[in-house]
Amino acid sequence: MSIQKIYKYPAPVLRQKTESISTFDDTLLSLVRDMAETMYDAPGIGLAAPQIGQSVKLIVVDTTKDKEGEPRFMPLINPEIVAHEGTQIDEEGCLSVLDLTATVKRYKKVTVSYQDLQGQAQELSAEDRFAVVLQHEIDHLNGILFLDYLSPLKRALYKKKVKKWLAEEEYPA
Ligand code: NI
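Described below are features of the structure shown in this document. (Residues numbered from 1 in each chain as written. Predicted model: local features only at pLDDT ≥ 70, side-chain atom pairs only at ≥ 80, totals over all residues. Heavy atoms only, no water.)

1. Let's talk about the overall build of the protein
Then, in step 1: Assigned secondary structure in the protein consists of three helices and five strands.
Then, in step 2: Going from the N terminus to the C terminus, the protein shows its helices and strands as α-β-β-β-β-β-α-α.
Then, in step 3: Against the 2.2 N^0.38 benchmark of 16 Å for 173 residues, the protein shows a C-alpha radius of gyration of 16 Å, consistent with a compact globule.
Then, in step 4: Judged by the C-alpha coordinates and their principal axes, the protein covers about 45 × 40 × 30 Å.
Then, in step 5: The buried share among the 173 residues of the protein stands at 44%.
Then, in step 6: The contacts of the protein with a sequence gap of at least 6 include a subset with a gap of at least 24, amounting to 62%.
Then, in step 7: Averaging the coordinates of the 21 positive side-chain charges in the protein and doing the same for the 26 negative ones gives two points 8 Å apart. (Helix = DSSP H or I, 4+ residues; strand = E, 2+ residues; numbered from the N terminus. Rg over C-alpha atoms; globule rule 2.2 N^0.38 Å. Buried < 20%, exposed > 50% of the residue type's maximum accessible area, 1.4 Å probe, protein only. Contact = heavy atoms within 4.5 Å. Lys, Arg positive; Asp, Glu negative; His and termini not counted. Charge placed at Lys NZ, Arg CZ, Asp CG, Glu CD.)

2. Notes on the pattern of salt bridges
Then, in step 1: In the structure shown here, the tally under the stated rule is seven salt bridges.
Then, in step 2: Close ionic contact of Lys 161 with Asp 99 constitutes a salt bridge, the shortest N to O distance being 3.2 Å. Of the two residues, Lys 161 is situated in helix H3 (residues 152-167) and Asp 99 in strand S4 (residues 97-115); the sequence distance between them amounts to 62 residues.
Then, in step 3: Since its relative accessible area comes to 33%, Lys 161 is described here as partly exposed.
Then, in step 4: For the salt bridge of Arg 106 with Asp 139, the shortest nitrogen-to-oxygen distance reads 2.9 Å. Of this pair, Arg 106 sits in strand S4 while Asp 139 sits in helix H2 (residues 128-141), and the two are 33 residues apart along the sequence. By the burial criterion, Arg 106 is buried, and Asp 139 matches it.
Then, in step 5: A single network of salt bridges, built from pairs that share partners, joins Glu 92, Arg 106 and Asp 139. (Salt bridge = Lys/Arg side-chain N within 4 Å of Asp/Glu carboxyl O.)

3. Description of the nonpolar core
Then, in step 1: Grouped together as the largest cluster of nonpolar side chains are 17 residues, with contacts concentrated most on Tyr 9, Leu 14, Val 97, Leu 100, Phe 146, Leu 147 and Tyr 158.
Then, in step 2: Breaking this core down by element, the ones donating at least two residues are S4 and H3.
Then, in step 3: Looking at this core, the element that brings in the most residues is S4, giving five residues.
Then, in step 4: With near-sequence residues (within four places) excluded, Leu 147 lies in contact with Tyr 9, Arg 15, Val 97, Leu 100, Arg 155 and Tyr 158. (Core = buried A, V, L, I, M, F, W, Y, C linked by side-chain atoms within 4.5 Å.)

4. Overview of the coordination of the nickel ion
Then, in step 1: Protein coordination at the nickel ion comes from Cys 94 (SG), His 136 (NE2) and His 140 (NE2), with a distance range of 2.1 to 2.2 Å.
Then, in step 2: Between the donor residues of the nickel ion, the gaps in sequence give the motif C-x41-H-x3-H. Pair noted here: His 136 and His 140 are both in helix H2, with a separation of four residues, about one helical turn.
Then, in step 3: Its relative accessible area of 6% is what places His 136 among the buried residues. (Donors = N, O, S within 2.8 Å, 3.2 Å for Na, K, Ca; no water.)

5. Concerning unusual backbone geometry
Then, in step 1: In this structure, Pro 10 follows Tyr 9 across a cis peptide bond, with omega equal to 10°.
Then, in step 2: Topologically, Pro 10 is positioned in the segment before helix H1 (26-41).
Then, in step 3: For the peptide bond that leads from Ala 42 to Pro 43, omega is -10°, which places it in the cis range.
Then, in step 4: Within the secondary structure, Pro 43 sits in the loop between H1 and strand S1 (46-48).
Then, in step 5: One non-glycine residue, Asn 78, lies in the positive phi region at around 50°.

Rendered as structure tokens:
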């Protein structure tokens, strides 16, 4: 088990198409453990495999700090939004997009199908903040970052900032 490097925008791996997971073995378990450790160290409430350089359909979430009664730590394998309802606007940030938060319009409620660590098909319904986290992390599996939802101007300003960091080799760690 170890804390992994979190890839930052504009790392190409964050834009790659991810592969479905079909082998539920110790390798998967150790990847889930690495992701848990990396997420808690950051700290964050969600992490997607591409963020640690793995192009596979796996996310981990822990939203207990925001919503009581939700499962504490959850790995979701091959997650997909199968139903949604309503909309909400909430503030988001991302461990791969430093020094930026922005309001994003999301579904208010989502139903997500996924597989657990044993490969069993599961389904869960989430709303409010938990639903936002799930949508944000599932977006990562499709190469989508929350900054893609910003206005063109805000996005351009952020890209300019990142360019400057990279040019000066001062990308915040
Ligand atoms: Ni993110």
